Amino acid sequence: MTSTDPLLFNPATYDPAHFDPETRRLLKATIEWFESRGKAQLLADDAQATWVSDFLEFVKEEKLFATFLTPAAYADGDENRRWDAARNAALSEIFGFYGLAYWYAEQVTILGLGPIWQSDNEIAKRKAAADLADGQVMAFALSEQTHGADIYNTDLVLTPTEPGSADHEAGILFRANGEKYYIGNGNVASMVSVFSRRADLEGADGYVWFAADSRHENYHLIGNVVHQQMYVSTFRLENYPVRAEDILHTGPEAFSAALNTVNVGKFNLCHGGVGMVEHSFYEAITHANNRILYGNPVTAFPHVRNNFVDAYSRMVAMKLFSDRAIDYFRTASLEDRRYLLFNPMTKSKVTSEGEVVMTLLLDVLAAKGFEKNTYFNEVQRLISCLPRLEGTVHVNVGQILKFMPNYLFNPKDYPEVGTRQDAADDAFFWRQGPARGAGKVQFADWTPVYEKHSEVPNVARFYEQAQALRALLLHAAPDEAQQRDLDFMLTIGHLFSLVVYGQLILEQAALTDLDRDLLDQIFDFQIRDFNGYATTLYGKPSTTAAQREWAVGALRTPLADRDRFDRVWNQVASYDGAYEMRG
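Residues numbered from 1 in each chain as written. Predicted model: local features only at pLDDT ≥ 70, side-chain atom pairs only at ≥ 80, totals over all residues. Heavy atoms only, no water.

Under the annotation held in an unreviewed UniProt entry, the protein carries the name Acyl-CoA dehydrogenase and is attributed to Nocardia goodfellowii. Of the protein, the UniProt comment under Cofactor (unreviewed entry) reads exactly: "FAD". Listed in UniProt under the heading Sequence similarities (unreviewed entry), the comment for the protein reads: "Belongs to the acyl-CoA dehydrogenase family." (UniProt positions renumbered as here; feature names shortened; annotations may be inferred.)

Following this line, the structure appears as structure tokens:
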């Protein structure tokens, strides 16, 4: 688990005892920095779109990013520096709890480091480690205004210098020209990983990643694309000199480096989103449970309790899935690439659930949710960013679909994956190999964990739906035309995502001895969500008669239990007043 109390992160009681002493100290110091700054100041900084320079001073003083984001091989003897996905997730949750802008400064630093740590360029890697120790941040310059994050196209062009020219004699191999757009930290990054193409080579052979410095005179900052604390820059390079020591990747390897970097970066989205909804939940339940309408607390109304129980159940499920995904990412290897499915799941499914949670809570708070003195107001405005960063939900569900045949029909034996909270350096992140072969990845049999929990009524009922999905693909599978119809296939992808989501939720529930009532309530919404996507499939213009018959047959009613619901509601109500930010 990334936090305690017992399920949700609560700064007042947080004790990450499972981490090493320096990690515990830094996590608690980060919490104290935010709490000492105070809620009023944090909200004012957000309202005024104040750049997070004071926070980055704290990062520098504590060597926070240096400790958490430097692989052990470049730690210069510091045993506390390593790339550890478990503690990185805990830090992401804390950042999300206090403000997306702080999370974002780290997130784009992680992305900027991706092409560097994956490269064979020792000069660049040692410079990155030294810059992190000096408190610098990084940036990842892939997207462009015209092409978005289309890796196949870039207008940032490297022109080779002429042999014998003054440039060439000075060690300048290329001059870079072009613009990048939507580049976080592009205003201050000491190393900006820039994706480009050579003017003299066609196709993938011409791809180049190189490191630029935002402080260089040929690097021109144009402005901020958004009005936020986050500096999401657009910049232009004009005859920027590129030397051998700046080049990180060339040719097809550059393509893989881009995708593998995004794999690492995506993973922080889920825990950042968890932190955002947790803080919002504390504010929501404390307000609603103490607000009197028509002589009763707001929470006395049945529809309000329904919203809170649904929001709480979904929030806990977000956390269960995300925490379990850590274990698969940390045990990944070239022989075990299951993380390639769970990774886009954390990005698309978990972050989308964050939006659902906020809508449920906002429907209770109504006008209160827009008040400027609440953290809730900031989150309801920004929560929609996460599903749309590092590729849209559609892109990620499209990736998820590649894994569906092997996941459902072609299992493989793997060693058991336990909880990974050990102080290990996750070196595989930076040697993931070529970004291809997703359709060949195999998974352990997903059915035993469902059968193990089949005594939980709604788990058993959802398992019927999961088996029905397999039956659909065996007996009424999408034909060739439907497979080319992404709109149709995305609905199949969402149905499949629910099965994967349930698997890791159940695994983490077993590892953490999750309350049975809460687990049953989680699968109540899983059933309802499956019904929703099955109904959507029923209504698609290209759906066949057999598929419509399947959709109707796959519908299930969640098993209602008023006593269970009331017990989960009592869990929700127990958070009334449990946390209030200082100042």
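A. Broad picture of the layout of surface pockets. Roughly 420 Å³ of volume is contained in the second largest pocket. Along the walls of the second largest pocket sit 20 residues, with R324, Y328, E416, V449 and E507 positioned nearest its centre. If you list the elements that add at least two residues to the lining of the second largest pocket, you get α10 (302-330), α15 (447-452) and α18 (486-512). Residue contributions to the lining of the second largest pocket peak at 4 residues, all from α18. In the lining of the second largest pocket, the residues fall into 11 nonpolar, 1 polar and 8 charged. (1 Å grid on protein atoms, 1.4 Å probe; cavity = no way out; pocket = protein on both sides within 12 Å on 5 of 7 lines; lining within 4 Å. Points joined across faces, edges and corners; volume = space filled by probe spheres on them. Helix = DSSP H or I, 4+ residues; strand = E, 2+ residues; numbered from the N terminus. Nonpolar A, V, L, I, M, F, W, Y, C, P; charged D, E, K, R; others polar.)

B. Summary view of the packing of helix α11 (residues 339-365) against helix α12 (residues 375-382). Their axes nearest at 11 Å, the elements α11 and α12 cross at an angle of 135°. Classified by the angle their axes make, α11 and α12 are oblique. The crossing of α11 and α12 is left-handed. Between α11 and α12, the residues in contact are M358, L361, L362 and L365 and F376, V379 and Q380, respectively. (Axes fitted to C-alpha atoms, helices over the stretch in contact; angles between N-to-C directions. Parallel < 35°, antiparallel > 145°, perpendicular 65-115°, else oblique. Left-handed = near helix turned anticlockwise from the far one by under 90°. Contact = heavy atoms within 4.5 Å.)

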